[in-house]
Amino acid sequence: MQDYSLLYKKELLENIIPFWSNHSIDKEHGGFFTCLDRAGQVYDTDKFMWLQGRQIWTYSMLYNNVERNPAFLDVARHGADFILKNGRDTDGNFYFSLNREGKPLVQPYNIFSDCFAAMGLGALYKADGKDEYGQVAKDTFENILRRRDNPKGKYSKGFPGTRDLKNFALPMILCNLSLELEHLLDKQLVDNLIEEVLHEVLDVFYDDATGMIVENVYLDGSFSDSHEGRLLNPGHVIEAMWFIMDLGVRRNDRSLIEKAVTIALRTLKFGWDEKHGGILYFKDIKGHPVQQLEWDQKLWWVHVEALVCMAKAYQLTGNEDCKEWFDILHNYTWSHYRDDQYGEWFGYLNRQGEVLLNLKGGKWKGCFHIPRALYQLYKTLEVQKALTADPLS
């Protein structure tokens with residue numbers, strides 16, 4: 001049988017990373033192009049800050065964890081130079097997007113620009129040790145914590161006092177970001193933050209009636225029977241559950257791991273498209289129509305994060321349902337997203353599984369989810385192979 005761990009490692013180092021190394025680096029103005037067509041040609045030169053930070057993280061992670069290749073470090077430094085020079089307003093908030101030359105295009109309304117700038121610079125500091133990288137990562141993280149109760153600030157479109165909601169995405173990201181920046185932060189701060197985000201994810205956003213996690217709740221944590229309050233993003237939940245599993249390993253907390261696996265399996269089953277296969281992008285937790293017109297699309301990141309989740313879940317618990325789901329996800333993902341002709345993977349499929357947009361990168365898809373997932377998968381599967389005679393293979 002095929003060795004999945006070698007397959008995923010080869011795909012990372014011989015397909016995905018060369019594609020981005022060859023096509024995304026702006027050698028004239030700095031930073032990275034992310035709007036790449038099927039063949040890797042640049043079709044738009046705007047630069048989105050959260051994708052800049054993500055690519056810095058990816059190449060730093062490769063240098064730190066896979067191979068001390070100077071080329072990886074050079075790419076990460078190239079991206080860091082660009083965002084440190086151009087990326088922030090006078091209050092230290094990272095803009096959402098810049099033009100090619102580095103002039104601001106969209107205001108810093110999106111706190112995830114800051115999250116991934118901090119994540120990228122923190123990983124680069126681990127690789128390089130330059131004080132500026134570590135200091136800006138730490139300052140940005142502290143700024144995120146200050147902003148987290150009102151992430152969009154003056155850029156929020158909501159009218160205050162009528163239906164005040166908070167969103168699942170930020171506590172979800174903080175589950176992972178707190179560990180990514182642990183080498184820069186006070187241990188007590190990290191421990192306290194982990195307790196807070198675990199409570200938010202597993203208690204506040206957890207819906208007792210369905211046993212799943214919703215995208216939005218009222219500020220007091222209660223359920224909002226509205227389009228926003230009933231919204232479920234299966235990919236977000238499943239990705240968050242492997243973050244929770246990592247925290248469970250860190251804390252040696254078996255019950256936390258088991259709870260994450262239970263929620264992940266329940267969400268995967270609920271989000272799976274029984275007619276066409278694949279995971280739906282959005283669903284209403286009560287089965288009502290959703291507002292998002294793209295609800296039935298099948299996205300790359302959802303499927304690779306689900307693969308990571310099921311691989312970790314099986315490795316940690318031996319749950320055969322996770323092994324079965326891994327095989328289903330592997331077969332769907334590799335047969336639908338991988339581009340055998342031009343390299344890299346497609347990002348967007350319609351409900352039937354046909355390629356909807358043949359781009360390899362854009363405003364939302366960059367050099368992050370696929371390489372991170374491939375790394376997590378091959379490392380997890382290596383461990384699984386060493387532990388058992390019945391690996392995922």
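See the structure printed just above.
Before going into details, it helps to say that this report is about the structure given with it. (Residues numbered from 1 in each chain as written. Predicted model: local features only at pLDDT ≥ 70, side-chain atom pairs only at ≥ 80, totals over all residues. Heavy atoms only, no water.)

**Description of the packing of helix H2 (residues 49-65) against helix H4 (residues 111-128)**
The N-to-C vectors of H2 and H4 enclose an angle of 25°; their axes lie 7 Å apart at closest approach. With respect to H4, the axis of H2 lies roughly parallel. As for the relative orientation of H2 and H4, their crossing is left-handed in sense. Residues Met49, Trp50, Gly53, Arg54, Ile56, Trp57, Ser60, Tyr63 and Asn64 of H2 form the contact with H4, whose participating residues are Phe112, Ser113, Phe116, Ala117, Met119, Gly120, Leu121, Ala123, Leu124, Lys126 and Ala127. Residues of the contact of H2 with H4, tallied by class, amount to 13 nonpolar, five polar and two charged. (Axes fitted to C-alpha atoms, helices over the stretch in contact; angles between N-to-C directions. Helix = DSSP H or I, 4+ residues; strand = E, 2+ residues; numbered from the N terminus. Parallel < 35°, antiparallel > 145°, perpendicular 65-115°, else oblique. Left-handed = near helix turned anticlockwise from the far one by under 90°. Contact = heavy atoms within 4.5 Å. Nonpolar A, V, L, I, M, F, W, Y, C, P; charged D, E, K, R; others polar.)

**Focus: the state of the cysteines**
According to the stated counting rule, one finds zero disulfides in the structure shown. Looking at the unpaired cysteine 367, the closest cysteine sulfur is the one in cysteine 35, lying at 14 Å. (Disulfide = S-S within 2.5 Å.)

**Remarks on the environment of arginine 100**
When you line up the elements, arginine 100 lands in the loop between strand S4 (97-98) and strand S5 (104-106). Note on arginine 100: relative accessible area 21%, which makes it partly exposed. Placed 251 residues apart in sequence, arginine 100 and arginine 351 show a C-alpha to C-alpha distance of 34 Å. Non-local contacts of arginine 100, meaning those with residues more than four positions away in its chain, are made with Asp26, Glu28, His29, Phe33, Thr45, Lys47 and Phe82. (Buried < 20%, exposed > 50% of the residue type's maximum accessible area, 1.4 Å probe, protein only.)

**Regarding the sheet that holds strand S3 (residues 47-48)**
The three strands are arranged S3-S4-S5 in an open sheet whose pairing can be described as antiparallel. The sheet is open, and its two edges are formed by S3 and S5, each paired on a single side. Strand direction decides the pairing type here: S3 and S4, joined by two bridges, are antiparallel. Residue pairing across strands places phenylalanine 48 opposite serine 97, the latter belonging to S4. (Pairing = 2+ DSSP bridges.)

**Regarding the sheet that holds strand S14 (residues 355-357)**
Ordered in space as S12-S13-S14, the three strands form an open sheet in which the pairing is antiparallel. Each end of this open sheet is capped by a strand with a single partner; those strands are strand S12 (298-299) and S14. Two strands pair when backbone bridges link them, and S12 and strand S13 (residues 348-349) are joined in this way by two bridges, in the antiparallel orientation. For lysine 298, the partnering residue across the bridge sits in S13 and is leucine 349.

**Points about helix H3 (residues 70-86)**
The end-to-end C-alpha separation of H3 is 25 Å, in line with the 24 Å expected for 17 residues at 1.5 Å each. Of the residues making up H3, those classed as buried are Phe72, Leu73, Val75, Ala76, Gly79, Ala80, Phe82, Ile83, Leu84 and Asn86. In this structure, the buried residues of H3 make contact with helix H1 (4-23), S3, H2, S4, H4 and helix H5 (131-147). With a side-chain oxygen positioned 2.9 Å from the backbone nitrogen of alanine 71, the residue opening H3 is asparagine 69. (Expected span 1.5 Å × (residues − 1). Polar contact = N/O pair within 3.5 Å; in protein donor to acceptor, adjacent residues only side chain to side chain.)

**What about the packing of aromatic side chains?**
Both the distance between ring centres and the angle between the ring planes are used here to describe each pair of aromatic rings. Counted under the stated rule, the structure contains 22 aromatic pairs. Judged by centre distance (6.3 Å) and plane angle (80°), the ring pair of tyrosine 4 and tyrosine 8 falls under edge-to-face. Remark: tyrosine 8 and tyrosine 4 occur in helix H1; sequence separation between them is four residues, near one turn of the helix. Of the two residues, tyrosine 4 and tyrosine 8, neither departs from the other in class, the shared state being buried. Taking 5.4 Å as the distance between ring centres and 85° as the angle between the ring planes, the aromatic pair formed by tyrosine 8 and tryptophan 334 counts as edge-to-face. Taken together, the positions of tyrosine 8 in helix H1 and tryptophan 334 in helix H11 (residues 320-336) put the pair 326 residues apart, joining distant regions of the chain. A single burial state applies to tyrosine 8 and to tryptophan 334, both of which are buried. The rings of Phe48, Trp50, Trp57, Phe96, Tyr109, Phe116, Trp364 and Phe368 are connected pair by pair, giving a single aromatic cluster. Looking at lysine 47, its charged tip hangs above the ring of phenylalanine 82, at a distance of 4.6 Å from the centre. (Phe/Tyr/Trp six-rings, centres within 6.5 Å; stacked < 30°, edge-to-face > 60°. Lys NZ or Arg CZ within 6 Å of the ring centre and 35° of its normal.)

**Side note on the nonpolar core**
Tyr8, Met241, Ile244 and Met310 are the most contacted members of the largest nonpolar core, which totals 134 residues. The element best represented in this core is helix H10 (residues 300-317), accounting for 13 residues. Residues contacting tyrosine 8, with those up to four places away along its chain left out, are Leu307, Phe326, His330, Trp334, Leu374, Leu377, Tyr378 and Leu381. (Core = buried A, V, L, I, M, F, W, Y, C linked by side-chain atoms within 4.5 Å.)

**Observations regarding the environment of valine 42**
Summarising the element assignment, valine 42 is placed in strand S2 (residues 42-44). Note on valine 42: relative accessible area 34%, which makes it partly exposed. Excluding anything up to four places from it in sequence, valine 42 contacts His23, Phe33, Cys35 and Leu36.

**Thoughts on the pattern of salt bridges**
Applying the stated criterion across every chain yields a total of 29 salt bridges. Aspartate 191 is the salt-bridge partner of arginine 250, the closest N and O atoms lying 3.5 Å from each other. One end of the pair, arginine 250, is in helix H8 (residues 234-251); the other, aspartate 191, is in helix H7 (residues 187-204), and 59 residues separate them in sequence. Using a relative accessible area of 33% as the deciding quantity, one classes arginine 250 as partly exposed. (Salt bridge = Lys/Arg side-chain N within 4 Å of Asp/Glu carboxyl O.)

**Observations regarding H1**
The end-to-end C-alpha distance of H1 is 27 Å, a good match for the 28 Å that 20 residues give at a rise of 1.5 Å each. At leucine 12, H1 shows its maximal kink, close to 35°. Listed in full, the buried residues belonging to H1 are Tyr4, Ser5, Tyr8, Glu11, Leu12, Asn15, Ile16, Ile17, Phe19 and Trp20. (Bend = angle between axes of the 7 residues up to and from the residue.)

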